[in-house]
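As a plain string of letters, each chain reads:
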Amino acid sequence: MKFCYLIIICLYPTLSLGTGKAQGTTTGKWWGVASSQQKSNLVVNRAGVPVVVDQTPLNKKQRKLIRLHPGSLSAITNSVGMSKTECKWQFKERRWNCPTNKNDRGGRNLFGNILESGCRETAFIYAITASAVAHSVARSCSEGSIETCNCDYEKRGKGGKGWEWGGCSDNADFGSNFSRKFVDAGEKGRDLRYYMNKHNNAAGRRIVTDNMRRECKCHGMSGSCQVKTCWMRLPTFREVGDILKERFDGASQIAQTNNGHNRGTRRKKRIKHFESADPQHKHPTASDLVYFEESPDFCELNKKVGSLGTRGRQCNNTSIGIDGCDLLCCERGYRSEIEQVTERCSCTFHWCCQVKCETCVTQRTVHTCL
Ligand SMILES: *[C@@H]1O[C@H](CO)[C@@H](O)[C@H](O)[C@H]1NC(C)=O
Ligand SMILES: *[C@@H]1O[C@H](CO)[C@@H](O)[C@H](O)[C@H]1NC(C)=O
Ligand SMILES: *[C@@H]1O[C@H](CO)[C@@H](O)[C@H](O)[C@H]1NC(C)=O
């Protein structure tokens, strides 16, 4: 008994690291693979003593999957970067502009404390990271960098009028299956947040598989296109991001009563479909992003809820949209400054092969939120 107590006391400082809520530390941990190669997973606790949080951001199931599919780890690592870049691009004009942490807690806290809440932004992060794994793995299959998969050669023979299947189709099915096994393996619990995460992961993957497109090449004398071969190509990740952003804007708020876990009983009820928070709205479909908590307004700095605030952000003084100074600066006002921009200009081409330019200094006005 005494021994037990000792262990509990020793473990306590590790368990209470971070935000104190279990969610943020158990879910989405695999994002840490992107930085785990560069940095040990040591962090300093409140008493100033370095402690090992976890040897790896991956759990047993995830590690097994990676061993089973040599080459997949680098596709996963790559997908984390893709998600980060795309998220920032899609939200660059909004109050929440997808801020990320560098190597914080071994990278598992990549998207910060916003994930503590079951809000829209969290829904987007789950969907984009799950879709990025599917996309990146599928692409790696056709590039031959994962040992256990290949191009998708399922489609063969005559395709349609004047064309045949041929060449290397991206293996979206493999990528999507891999993402389901790998990403969803990181989700624990049976609460509403668990179902929300899994739903949004799946919605993200669907965008990859549903938006494959046919690409063709003409053969025959001088490109006469007598014979055409075609294959299926993944959508670009920008397209995936654009669609997900639309889904973000039209995301469905689900009722908190959807909780599939009956407290105090061991029975686990699976959620077939979510009930909308507003009974006037229809049930969200498999493609919709779902959330159940309202987002903060992101106007002021509040790290606890993952808001950096908008002070110091550049805004557009003539736009009435969300990038306009009124909305972006939350009516606090803005400062206008003239900035000198040095550019290369009046470039001329000199035979052969030099381009000579002059240096021009232009001015532009930059508006910054107060
Ligand atoms: C993906 O999973 C589905 C359903 O489990 C299965 O039918 C299909 O064969 C899998 N595809 C690949 C390429 O692994
Ligand atoms: C500012 O917003 C206006 C109106 O939406 C737009 O035409 C203009 O291109 C924007 N300026 C910049 C610098 O983005
Ligand atoms: C917006 O800023 C420009 C300078 O960039 C200025 O000429 C213009 O008057 C401003 N418009 C408004 C509506 O404040």
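As the structure is a computational prediction, the values presented were derived from the model and not from experiment.

### Overview of the packing of aromatic side chains
Right, so step 1: According to the stated counting rule, one finds 13 aromatic pairs in the structure shown.
Right, so step 2: Ring plane angle 80 degrees and centroid distance 5.6 Å describe the contact between Trp30 and Phe182, whose orientation is recorded as edge-to-face. Taken together, the residues span a long stretch of sequence, with Trp30 in the loop between α2 (22–26) and α3 (33–36) and Phe182 in helix α7 (residues 172–184) at a distance of 152 residues.
Right, so step 3: With centroids separated by 5.1 Å and ring planes inclined at 85 degrees, the aromatic side chains of Trp31 and Phe111 adopt a geometry described as edge-to-face. Here Trp31 is found in the loop between α2 and α3, whereas its partner Phe111 is found in the loop between α5 (72–90) and α6 (120–143), with 80 residues between them in sequence.
Right, so step 4: Residue classification places Phe111 among the buried residues on the basis of a relative accessible area of 3%.
Right, so step 5: Among the aromatic residues, ring-to-ring pairing joins Trp30, Trp31, Phe111, Tyr126, Phe174, Phe178 and Phe182 into one connected group.
Right, so step 6: Positioned over the ring face of Trp89 is Lys92, at 3.8 Å from the centre of the ring.
Right, so step 7: Taking the ring centre of Trp163 as reference, the NZ or CZ of Arg214 above it sits at 3.9 Å.

### Let's talk about the state of the cysteines
Right, so step 1: All chains considered together, the criterion is met by eleven disulfides.
Right, so step 2: Residue Cys329 pairs covalently with Cys369 via a disulfide, S to S 2.1 Å. Handedness here is read from the sign of the S-S torsion; for Cys329 and Cys369, about -75 degrees, the answer is left-handed. Pair noted here: Cys329 is in the loop between α10 (325–328) and β12 (334–350) and Cys369 is in strand β13 (residues 354–369), with a separation of 40 residues, a long-range link. Each member of the pair, Cys329 as well as Cys369, is classed as buried.

### Digging into the site of ligand 3
Right, so step 1: For ligand 3, the full set of nearby residues is Asn317, Tyr334, Thr365 and His367.
Right, so step 2: A distance of 3.4 Å is found between an oxygen atom of ligand 3 and a side-chain nitrogen or oxygen belonging to Thr365.
Right, so step 3: About the coverage of ligand 3: the protein hides 36% of its 370 Å² of free accessible area.
Right, so step 4: Its residues assigned to classes, the shell around ligand 3 comprises one nonpolar, three polar and no charged.

### Notes on the site of ligand 1
Right, so step 1: Around ligand 1, the structure places Asp173, Phe174, Asn177 and Arg180.
Right, so step 2: Here an oxygen atom of ligand 1 sits 2.3 Å away from a polar atom, N or O, in the side chain of Asn177.
Right, so step 3: Taking 370 Å² as the accessible area of ligand 1 by itself, protein coverage stands at 34%.
Right, so step 4: Of the residues belonging to the shell around ligand 1, the class tally is one nonpolar, one polar and two charged.

### Re the sheet that holds β12
Right, so step 1: The antiparallel open sheet is built from three strands, whose spatial order is β11-β13-β12. Where the open sheet ends on each side, the last strands, each with one partner, are β11 (314–315) and β12.
Right, so step 2: Judged from the two bridges that link them, β11 and β13 form a sheet pairing that is antiparallel. Among the inter-strand pairings, Cys315 is bridged to a residue of β13, identified as His367.

What counts and how
- Residues numbered from 1 in each chain as written.
- Chains lettered and ligands numbered in written order.
- Predicted model: local features only at pLDDT ≥ 70, side-chain atom pairs only at ≥ 80, totals over all residues.
- Heavy atoms only, no water.
- Phe/Tyr/Trp six-rings, centres within 6.5 Å; stacked < 30°, edge-to-face > 60°.
- Helix = DSSP H or I, 4+ residues; strand = E, 2+ residues; numbered from the N terminus.
- Buried < 20%, exposed > 50% of the residue type's maximum accessible area, 1.4 Å probe, protein only.
- Lys NZ or Arg CZ within 6 Å of the ring centre and 35° of its normal.
- Disulfide = S-S within 2.5 Å.
- Near = heavy atom within 4 Å.
- Polar contact = N/O pair within 3.5 Å; in protein donor to acceptor, adjacent residues only side chain to side chain.
- Areas by Shrake-Rupley, 256 points an atom, 1.4 Å probe, with all protein chains shown as cover.
- Nonpolar A, V, L, I, M, F, W, Y, C, P; charged D, E, K, R; others polar.
- Pairing = 2+ DSSP bridges.

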